[in-house]
Amino acid sequence: MTGIGGTAPSHHSANDRDFDELYRKHLANVYHALGATPPDYLVQADHGQPGAAAFIAQTSFVHPRIDGEITR
């Protein structure tokens, strides 16, 4: 699983298949509870090999400006 930009850390365990099946089952139950049909992709597990972890070197520093105002 990856986050925005595909750089999320990879966390795996021997229980990945069990967690995946349980997650897909719970998500399908949400669709049923809402009176909808779950999408077909929830039936098929994706047990592909996880990608290799990548190290991305720091490119710059964060320079926050703290002025006490709510700007963002």
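Because the structure is a prediction, the values reported are computed rather than measured.

Calculation notes
Residues numbered from 1 in each chain as written. Predicted model: local features only at pLDDT ≥ 70, side-chain atom pairs only at ≥ 80, totals over all residues. Heavy atoms only, no water. Helix = DSSP H or I, 4+ residues; strand = E, 2+ residues; numbered from the N terminus. Buried < 20%, exposed > 50% of the residue type's maximum accessible area, 1.4 Å probe, protein only. Areas by Shrake-Rupley, 256 points an atom, 1.4 Å probe, with all protein chains shown as cover. Expected span 1.5 Å × (residues − 1). Salt bridge = Lys/Arg side-chain N within 4 Å of Asp/Glu carboxyl O. Polar contact = N/O pair within 3.5 Å; in protein donor to acceptor, adjacent residues only side chain to side chain. Contact = heavy atoms within 4.5 Å.

A few words on the overall build of the protein chain. When you go through the protein chain residue by residue, the secondary structure sums to one helix and zero strands. Residues classed as buried in the protein chain amount to 6% of the 72 residues present. When the accessible surface of the protein chain is totalled, it reaches about 7200 Å², and 57% of it is carbon and sulfur.

What follows is about helix H1 (residues 16–33). Its 18 residues give H1 an end-to-end C-alpha distance of 26 Å, which sits within 8% of 26 Å, the value for a rise of 1.5 Å per residue. Directly beyond the C-terminal end of H1, a positive phi value near 80° is found at Gly35.

Bringing the pattern of salt bridges into the picture now. Per the counting criterion, the structure on display carries two salt bridges. Note that Arg24 and Asp20 form a salt bridge whose closest N and O atoms lie 2.9 Å from each other. Here the residue Arg24 and the residue Asp20 both occupy positions in helix H1, the gap between them amounting to four residues, near one helical turn. Here Arg65 makes a salt bridge to Asp67, at a shortest N to O gap of 3.8 Å. In this structure Arg65 comes out as exposed when scored by relative accessible area, which is 68%.

For the rest of this paragraph, the subject is the side chain of Arg24. Residue class for Arg24 comes out buried when judged on its relative accessible area of 13%. Here Leu42 takes part through its backbone oxygen, which lies 2.8 Å from a polar atom of the side chain of Arg24. With sequence-adjacent residues up to four places away left out, Arg24 is seen in contact with Leu42, Val43, Gln44 and Ala45.

Purely geometric numbers; function is a separate question.
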